Amino acid sequence: MGVSATGSSMSGGPAEPAWPDDAVEVGRIAGAWGIKGWLKIQPFASDPQALFSSRAWFVKPPEVSGVQRPVVRSPATQAGYPALLKVTQSKEHGDGVVAQVEGVETRNDAEALRGARLFVGRSSFPTADKDEFYWVDLIGLAVVNRGGDALGTVIGLIDTGPHSVLRVLPIGLVPSEASPEAERLIPFVAAYVDDVSLPLKRITVDWGLEY
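My aim in this report is to walk through the structure given alongside it, one point at a time. (Residues numbered from 1 in each chain as written. Predicted model: local features only at pLDDT ≥ 70, side-chain atom pairs only at ≥ 80, totals over all residues. Heavy atoms only, no water.)

1. Re the overall build of the protein chain
Okay, so step 1: For the protein chain, the helix and strand inventory stands at 3 helices and 12 strands.
Okay, so step 2: Out of the 211 residues belonging to the protein chain, those deemed buried represent 40%.
Okay, so step 3: Intrachain contacts of the protein chain at a sequence separation of at least 6 include 57% that bridge at least 24 residues.
Okay, so step 4: In the form shown here, the protein chain has an accessible surface area of approximately 12000 Å², with 52% of it arising from carbon and sulfur atoms. (Helix = DSSP H or I, 4+ residues; strand = E, 2+ residues; numbered from the N terminus. Buried < 20%, exposed > 50% of the residue type's maximum accessible area, 1.4 Å probe, protein only. Contact = heavy atoms within 4.5 Å. Areas by Shrake-Rupley, 256 points an atom, 1.4 Å probe, with all protein chains shown as cover.)

2. Let's talk about the sheet that holds strand 4 (residues 84-93)
Okay, so step 1: The sheet built from 6 strands closes into a barrel, its strands ordered 1-2-5-4-3-6 with antiparallel pairing. Each strand axis lies, on average, 45° off the axis of its neighbour in the sheet, ignoring direction. (Pairing = 2+ DSSP bridges. Axes fitted to C-alpha atoms, helices over the stretch in contact; angles between N-to-C directions.)

3. Comments concerning unusual backbone geometry
Of all residues except glycine, most have a negative phi; of all peptide bonds, most are trans.
Okay, so step 1: Unlike most non-glycine residues, Asp 131 shows phi in positive territory, near 65°.
Okay, so step 2: Take Asp 131: it is sitting in the loop between strand 6 (117-121) and helix 3 (135-138).
Okay, so step 3: Using a relative accessible area of 59% as the deciding quantity, one classes Asp 131 as exposed.
Okay, so step 4: A positive phi is found at Lys 201, a non-glycine position, where the angle reads about 55°.
Okay, so step 5: Following the sequence through the fold, Lys 201 ends up in the loop between strand 11 (193-197) and strand 12 (202-205).
Okay, so step 6: The exposure class assigned to Lys 201 is exposed, which follows from its relative accessible area of 56%.

4. Section: the pattern of salt bridges
Okay, so step 1: If you walk through the whole model with that rule in mind, you get 7 salt bridges.
Okay, so step 2: Between Asp 131 and Lys 130 there is a salt bridge, and its shortest N-O distance comes to 3.5 Å. Judged on exposure class, the residue Asp 131 and its partner Lys 130 are both exposed.
Okay, so step 3: A salt bridge links Arg 167 to Glu 183; its shortest N-O distance comes to 2.8 Å. Placement of the pair is Arg 167 in strand 9 (residues 164-169) and Glu 183 in the loop between strand 9 and strand 10 (184-187), with a sequence separation of 16 residues.
Okay, so step 4: Residue classification places Arg 167 among the partly exposed residues on the basis of a relative accessible area of 25%.
Okay, so step 5: By relative accessible area, Glu 183 is classed as buried at 18%. (Salt bridge = Lys/Arg side-chain N within 4 Å of Asp/Glu carboxyl O.)

5. Section: the side chain of Ser 164
Okay, so step 1: Its location among the elements puts Ser 164 in strand 9.
Okay, so step 2: The residues contacting Ser 164, other than those within four sequence positions of it, are Trp 135, Leu 157, Ile 158, Pro 187 and Phe 188.

6. Focus: a negative patch on the surface
Okay, so step 1: On the surface, Asp 47, Glu 92, Asp 129 and Glu 132 cluster together into a patch of negative charge.
Okay, so step 2: Secondary-structure assignment places Glu 92 in strand 4. (Patch = residues over 30% accessible without salt bridge, like charges linked within 9 Å, V, L, I, M, F, W, Y side chains within 5 Å. Lys, Arg positive; Asp, Glu negative; His and termini not counted. Charge placed at Lys NZ, Arg CZ, Asp CG, Glu CD.)

7. So, the pairing of strand 3 (residues 56-60)
Okay, so step 1: Most of strand 3 sits inside the fold, with 5 of its 5 residues counted as buried.
Okay, so step 2: Along strand 3, one buried face is formed by Ala 56, Phe 58 and Lys 60 and the opposite face, lined by Trp 57 and Val 59, is buried too.
Okay, so step 3: Here 3 bridges tie strand 3 to strand 6, and the two strands are oriented antiparallel to one another. In the sheet register, Val 59 faces strand 6, and the bridge partner there is Leu 118.

8. So, the sheet that holds strand 11
Okay, so step 1: An order of 10-9-8-7-12-11 is seen for the 6 strands of this open sheet, with the pairing classed as mixed. Edge positions in the sheet fall to strand 10 and strand 11, since each of these pairs with one other strand and no more. Neighbour to neighbour, the strand axes of the sheet diverge by 35° on average, direction disregarded.

9. Things to note about the packing of aromatic side chains
Okay, so step 1: With the rule as written, the count across this model stands at 7 aromatic pairs.
Okay, so step 2: Aromatic pair Trp 19 and Phe 119: ring centres 5.4 Å apart, planes at 50°, arrangement tilted. Highlighted residues: Trp 19 in the segment before strand 1 (23-33) and Phe 119 in strand 6, separated in sequence by 100 residues.
Okay, so step 3: In this structure Trp 19 comes out as buried when scored by relative accessible area, which is 14%.
Okay, so step 4: The rings of Trp 19, Phe 58 and Phe 119 are connected pair by pair, giving a single aromatic cluster. (Phe/Tyr/Trp six-rings, centres within 6.5 Å; stacked < 30°, edge-to-face > 60°.)

Here's what the structure looks like:
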């Protein structure tokens, strides 16, 4: 487990938080906001509460491939990107988030962090309301229909605005080799989703094999 931001080192000074074992990618730095070093953040969910759940944002450099991995368990290593950003202020702004962090004082400082990927520990997320789920908790769940037919596994979600859509890859297909047309797209709404069981790692839907 990581050391909390309020912990102390053996010497009595404040301890730096360790990279959390349950790190989840929650957004990326889109650029600078204003002239005083504020950062513009693009959250990976329509509700950015995961970003606000921690005052310590762990950092990885941009991925050259452009493929986002929802969970990473190693610290940042690329020169030019810090392993940790300590947040002093953050707030929603338009469809994103703006934040001020320690050590970033000018617009040029903020622009130098453009593209950096931001992570926080899953355990720090606010408790979701009843019938609400974090995307990261749905990815990897098996999807079955009312008849017990296996439809596949959730490999991601699409935010359409009004609601999210499950990206379900049929059993036997490999994500890196499957075409987008092979995916089943199931709206994550009550009309189609009967039950979500995180303990059973299963989602039950009203959806036919032929859809």
